[in-house]
Amino acid sequence: MPENASEVTAAGIARLAGVGRAAVSNWRRRHADFPKPVGGTETSPSFALAEVEQWLRDQGKLAEVPLRERVWQQLADHPSTAATALIQAGCTLLLVRERPTVWQELTAASDERMAELLPTAVEQVLAVRFGDDRGELFRELGASERSSGVPSIAGGVHSVPLLRSVAELAGELGHRQTYEFLLGRFLDANLRQYTLTPPGPAALMAAVAGPAASVLDPAAGTGTLLRAVEYPEALYAQDADPDLTALTALRLALHSDATVRARCGDTLRADAFPEAAVDAVLCHPPFNERNWGHDELAYDPRWEYGFPARTESELAWVQHALARLRPGGTAVLLMPPAAASRRSGRRIRAGLLRRGALRAVIALPAGAAPPYGIPLHLWVLRKPEAGRPPASELLLVDTAELAGAAGGRDKLDWQAVQAAALDAWRRFDRDGTADERPGVSRSVPVIGLLDDDVDLAPARHVPPIAAGGGADELLLVRDRLADTLRLTGELTPSPAADDRPAPWPATTVGELARAGALLIRAGGTGATAGPHVPVLTEHDVLAGAGPSGALPEGPEEEPVLLEEGDVVVPVLGGGSVVRVVDTATAGAALGRNLQLLRPDPAALDAWFLAGFLRGTANTRQASSYASTATRLDVRRLQLPRLPPADQQRYGERFRTLAAFEDALRLAGRLGEQLVQGLYDGLTDGTLRA
């Protein structure tokens, strides 16, 4: 094998073939000609990409490696770090975007000549987009210090094939989309290293801040918050991680034509923009930091509202944001809920209220952003203007009840959350007050909050909405429950005993796929089908609910769209839930941790297929166990070989069972709603005992 040949892990092989990792493990055990490991470790081996591709083609499991997968493998296997290779790719994309003619001239040369010319061409583009910041941003790549002997931005001749491939992918996807895809894959491979702000909260924070020409993020991370700003003129970013700062600068430069100023450093200890006076600040600061500079920064002029305690690092970030705003500018920070009520921060909170700097606290549902287990808050602040009286009210918004019944990550009704928060904030921002909406929002006089605790948690001040909605609505729920219970009685199946064993010849899903009787597709998180395509999530399948997810930003991959008659199978948890797609669900995208089986109607009845896949023994023999998780290998699931008439007979019985199960599930939900509504009505006095 050539010295610099690309390698791929088992996870990469699974992605190439569109299967689970358990299938790759089975191939290694069952096929003596499967490629041997060429690197990695005993528990996580790597394989030669070319050998794997050829084996998959020979087995009929791969028609052609998509260009995007090939580019990612080239980047991940680069002799330098993946981060350095991604920075080189981003600089190349910026060159291709800004000066396509120059790029065409470079690509006409040999690899050796291109490696010589590329650094100068890239540096000229970086000088235009980043000015004096480029020397610090790309110092390790030598973009402006080639004479020092540091490797050039092109990474040498061994990087040229990667950069040519990146430009080819840009011709297919677009410059921005190519970088987003590669950055998304890089972040997915380093999830524990970075704290990512999801696009939903980022868009909400940018919308709350409103139109702004200049925007700062002092803890920029991957730049998601700044990327959510519409039509900016200048973007300021600072982060403590040098690689992430460079990657974010390139991301912002490829996303818009705004002036981008990005610098690396510890914001609280070494502010990179001490003279800035921006229109808006967006920030997702690190939480619960003890070593934020408390001992060194006691007399810092930014502590206009009080010196934060060692345990109140978040209030240091709040005051830093206010210090970098112009008078009347708006800051929106993502905060832990404890910051609204900790006693150690009550004096600073009181100061923010008295001066009118804190305008709103918006509680998001758990699962909106990391850490996903707690309901984070948005703090909306505005820098006081001389001569204007401070605001007399604070807006408190609680969106927890709008998250959906289950809540949690990937299960939120994010559109409802965002609509409620924006509606309440815009009315309050326009009028200085807002009508009370039980369970959602309330405008509270500041004087009423200035007690010993200065507790600003929305849940403590927003009145709850009655679960039952009043006696009339509870009567409707009761009637609907009675109707549903009657239906369950009618649908209750009667088991028909049969002492004869089933003499069926069996086959597997994998064999049927190879024979063309069905198609197997894996769910993902693609974002190219548009923002309004709903996603059928793993939770939706388990709960029997309609598609509730949304396509997130990230690696832009074509989503798998559902068709009526598709069979959807969750692959995690070792359960036996299977769903047949109906007309209402058709058109949605397939979510992660789901696999789709699309049967050929001439060969397989969809309900017959779904029913036999739910057998306990079937799922047990097709499951594998890794650590604490159970994963289902869909290709190993079995079903009998039966003629079409018998398939339809079984399929109709399975369809009836599914209707009975849906009725039971609905009855359970209605019963819970009725019981909780009666409890609430009796305890709040709206119902008589």
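Predicted model, so just to flag it, every value in this text is computed and none were measured. (Residues numbered from 1 in each chain as written. Predicted model: local features only at pLDDT ≥ 70, side-chain atom pairs only at ≥ 80, totals over all residues. Heavy atoms only, no water.)

### Examining the sheet that holds strand β1 (residues 7-9)
As summarised here, the arrangement of the 3 strands in space is β1-β3-β2, forming an open sheet in which the pairing is antiparallel. Of all strands in the sheet, those bounded by a partner on one side alone are β1 and β2 (39-40). Where β2 and strand β3 (residues 45-48) come together, 2 bridges link them in antiparallel fashion. From the neighbouring strand, G39 faces β3, where its bridge partner is S46. (Pairing = 2+ DSSP bridges. Helix = DSSP H or I, 4+ residues; strand = E, 2+ residues; numbered from the N terminus.)

### A few points about the sheet that holds strand β18 (residues 579-580)
Taking strand neighbours across the sheet as the criterion, the 4 strands line up as β14-β20-β17-β18 in an open arrangement whose pairing is antiparallel. Two strands bound the open sheet, and with one partner strand each, they are β14 (518-522) and β18. Relative to strand β20 (residues 594-599), strand β17 (residues 567-570) runs antiparallel, the two being bridged by 4 bridges. Bridge assignment links V568 to a residue of β20, and that residue is L596. On the sheet, helix α20 (residues 606-613) packs against β14, β17, β18 and β20 and is oriented at approximately 15° with respect to β17. (Contact = heavy atoms within 4.5 Å. Axes fitted to C-alpha atoms, helices over the stretch in contact; angles between N-to-C directions.)

### A look at the nonpolar core
If you look at the biggest cluster of nonpolar residues, it comprises 89 residues, and the most contacted ones within it are F130, F138, L182, F186, L282 and L364. A per-element tally of this core places helix α5 (residues 82-98) first, with 10 residues. Of all hydrophobic cores here, the second largest spans 44 residues; its members include L216, C283, Y305 and L353. (Core = buried A, V, L, I, M, F, W, Y, C linked by side-chain atoms within 4.5 Å. Buried < 20%, exposed > 50% of the residue type's maximum accessible area, 1.4 Å probe, protein only.)

### Considerations on the pairing of strand β6 (residues 259-264)
Relative to β6, strand β5 (residues 234-239) runs parallel, the two sharing 6 bridges. Looking across to β6, one finds that Y236 is bridged to R261.

### Concerning the packing of α5 against helix α6 (residues 100-107)
For any two helices packed against each other, one specifies the inter-axial angle together with the distance between the axes. Between α5 and α6, the least distance of the axes is 5 Å, while the angle of their chain directions is 115°. On α6, the residues that touch T92, L95, V96, R97 and E98 of α5 are P100, V102, W103 and L106.

### Re empty space enclosed by the protein
Per the counting criterion, the structure on display carries 1 cavity of 30 Å³ or more. Here the largest cavity is characterised by a volume of approximately 80 Å³. Taken together, V19, G20, A22, A23, V571, Q595, R631, L632, D633, V634 and R635 make up the lining of the largest cavity. The set of elements that each furnish at least two residues to the lining of the largest cavity consists of α2 (21-30) and β22 (629-632). When its residues are assigned to classes, the lining of the largest cavity shows 6 nonpolar, 2 polar and 3 charged. (1 Å grid on protein atoms, 1.4 Å probe; cavity = no way out; pocket = protein on both sides within 12 Å on 5 of 7 lines; lining within 4 Å. Points joined across faces, edges and corners; volume = space filled by probe spheres on them. Nonpolar A, V, L, I, M, F, W, Y, C, P; charged D, E, K, R; others polar.)

### Regarding the pairing of strand β11 (residues 393-398)
Counting buried positions along β11 yields 6 of 6 residues, so the element is predominantly enclosed. Both faces of β11 are covered, namely the face carrying E393, L395 and V397 and the face carrying L394, L396 and D398. Across 4 bridges, the pairing between strand β9 (residues 358-363) and β11 is parallel. Bridging across to β11, A363 finds its partner in D398. Note that β11 and strand β12 (residues 441-445) share 5 bridges and pair antiparallel. Opposite L394, over in β12, you have V444 as the bridge partner.

### A short note on the confidence of the model for the chain
Within the chain, residue pLDDT values average 85, and 89% of them lie at 70 or more. Confidence over residues 142-151 falls short of pLDDT 50; this stretch has 20 contacts with residues more than four positions distant or in other chains. Confidence drops under pLDDT 50 across residues 525-530; counting only partners more than four residues distant or on other chains, this segment forms 19 contacts. (pLDDT = per-residue confidence, 0-100.)

### Here's the deal with helix α3 (residues 49-58)
All of the buried residues in α3 are L49, V52, E53, W55 and L56. Projected onto a plane normal to the axis of α3, the buried residues spread over an arc of 165° and lie on a single side. Exposed and facing more than 90 degrees away from the buried side of α3 are A50 and D58. The elements touched by buried residues of α3 are β1, α1 (10-17), α2, β3 and α4 (67-76). Positive phi appears at G60, one or two residues downstream of α3, with a value of about 75°. (Arc of directions from axis to C-beta.)

### Regarding the packing of aromatic side chains
Summed over the entire model, instances satisfying the criterion amount to 13 aromatic pairs. With 5.5 Å between their ring centres and 85° between their planes, F612 and F654 make a pair best called edge-to-face. Taken together, the positions of F612 in helix α20 and F654 in helix α22 (residues 644-684) put the pair 42 residues apart, joining distant regions of the chain. Note on F654: relative accessible area 19%, which makes it buried. Between the aromatic rings of Y650 and F654, the centroid separation amounts to 6.3 Å while the plane-to-plane angle is 35°, which identifies the pairing as tilted. With a gap of 4 residues between them, Y650 and F654 both fall in helix α22, about one helical turn apart. (Phe/Tyr/Trp six-rings, centres within 6.5 Å; stacked < 30°, edge-to-face > 60°.)

### Quick word on the environment of A610
Here A610 is to be found in helix α20. With relative accessibility at 5%, the residue A610 sits in the buried group. Residues A610 and V567, 43 residues apart in the sequence, show an inter-C-alpha distance of 6.3 Å. Discounting chain neighbours no more than four positions away, the residues touching A610 are V567, V578 and V580.

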